[in-house]
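Results of the structural survey
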Amino acid sequence: GEEVAQTPKHLVRGEGQKAKLYCAPIKGHSYVFWYQQVLKNEFKFLISFQNENVFDETGMPKERFSAKCLPNSPCSLEIQATKLEDSAVYFCASSPDRYGYTFGSGTRLTVV
Amino acid sequence: KNEVEQSPQNLTAQEGEFITINCSYSVGISALHWLQQHPGGGIVSLFMLSSGKKKHGRLIATINIQEKHSSLHITASHPRDSAVYICAVLLYNTDKLIFGTGTRLQVFP
């Protein structure tokens, strides 16, 4: 389809629990990006993929965050042992060429 | 100092007014995006610019690469234009966007 589909829209986890977020990029888009929006307009780059290969993971807190993009499956972002400060909206975007972004509607993660 | 600065932070307008939102950046870029975020949070990409000017309906975006400045204009503003408008630059030779802090626009009937 022509939209980036993110699921779930909302996710609530107790501190220490695992959270898994999904992103289905637009068909034919080979680049996928994950961003974290913490405060109103504070966005942080997490990771990017070219097809199933990690392109840039310099923004990932590696000790608890992991991400995958496998063929014929939605991409995923997983947070082990969530902390309160992980509460944020996580946006996925896809692109055919690293320049033209289409964003998903985001997953709001609340850690309580 | 942020690498991407937007002004104003907040903007209130009456329906029909012409609106300008400005974005200045201090880094080398491959492209600049203007994004719209409504309450409830989804992000819509309005424009991607690497030079010149683009127009879509009542929206116009311009960029001056030499001056490292871009503007987003809304002609004949409407209450449904009320949203946060975000400027984001694609860092040169990377695939990372750096986001401005956004401009909250409210258009009243």
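Everything below is about the structure printed above this text.
Residues numbered from 1 in each chain as written. Chains lettered and ligands numbered in written order. Predicted model: local features only at pLDDT ≥ 70, side-chain atom pairs only at ≥ 80, totals over all residues. Heavy atoms only, no water.

Here we look at the overall build of chain A
- Of regular secondary structure, chain A possesses zero helices and eleven strands.
- In chain A, the succession of helices and strands from N to C terminus is β-β-β-β-β-β-β-β-β-β-β.
- In terms of C-alpha radius of gyration, chain A reaches 13 Å, essentially the compact-globule figure of 13 Å for 112 residues.
- A principal-axis box enclosing the C-alpha atoms of chain A has dimensions of 35 × 25 × 25 Å.
- Taken across its 112 residues, chain A has 47% of its residues classed as buried.
- In chain A, once contacts between residues fewer than 6 apart in sequence are set aside, the share between residues at least 24 apart is 52%. (Helix = DSSP H or I, 4+ residues; strand = E, 2+ residues; numbered from the N terminus. Rg over C-alpha atoms; globule rule 2.2 N^0.38 Å. Buried < 20%, exposed > 50% of the residue type's maximum accessible area, 1.4 Å probe, protein only. Contact = heavy atoms within 4.5 Å.)

Let's talk about the nonpolar core
- Core analysis: the largest hydrophobic core is formed by 25 residues, its most contacted members being I19(B), L32(B), W34(B) and V89(B).
- For this core, the elements supplying multiple residues, two or more each, are β2 (10-14), β3 (19-25), β4 (29-37), β5 (43-49), β7 (59-64), β8 (69-74), β9 (83-91) and β11 (103-108) of chain B. (Core = buried A, V, L, I, M, F, W, Y, C linked by side-chain atoms within 4.5 Å.)

Topic: the sheet that holds strand β1 (residues 5-7) of chain A
All names here are of chain A.
- Strand order in the open sheet formed by four strands is β1-β3-β8-β7, and the pairing between neighbours is antiparallel. The strands lining the two open edges of the sheet, one partner per strand, are β1 and β7 (65-68). Sheet twist, expressed as the average angle between the axes of neighbouring strands with direction ignored, equals 15°.
- Two elements, strand β3 (residues 19-24) and strand β8 (residues 75-79), share five bridges in a ladder whose sense is antiparallel. Among the inter-strand pairings, Y22 is bridged to a residue of β8, identified as S76. (Pairing = 2+ DSSP bridges. Axes fitted to C-alpha atoms, helices over the stretch in contact; angles between N-to-C directions.)

Observations concerning the side chain of R64(A)
All names here are of chain A.
- With respect to the secondary-structure elements, R64 resides in the loop between β6 (53-56) and β7.
- For R64, a relative accessible area of 12% corresponds to the buried category.
- A polar contact is formed between the side chain of R64 and the backbone oxygen of A81, at a distance of 3.3 Å.
- Not counting residues up to four positions away in its chain, the partners in contact with R64 are E78, I79, Q80, A81, T82, K83 and D86. (Polar contact = N/O pair within 3.5 Å; in protein donor to acceptor, adjacent residues only side chain to side chain.)

Points about the environment of H33(B)
- Turning to its location among the elements, H33(B) is positioned in strand β4.
- Classification of H33(B) by relative accessible area gives buried; the value is 1%.
- Sequence separation between H33(B) and V89(B) is 56 residues; the distance between their C-alpha atoms is 6.1 Å.
- H33(B) has contacts with Y99(A), G100(A), Y101(A), S45(B), F47(B), M48(B), I86(B), C87(B), A88(B) and L97(B), leaving out every residue within four places of it along the chain.
- For H33(B), the side chain forms a polar contact with the main-chain oxygen of Y99(A), separated by 2.8 Å.

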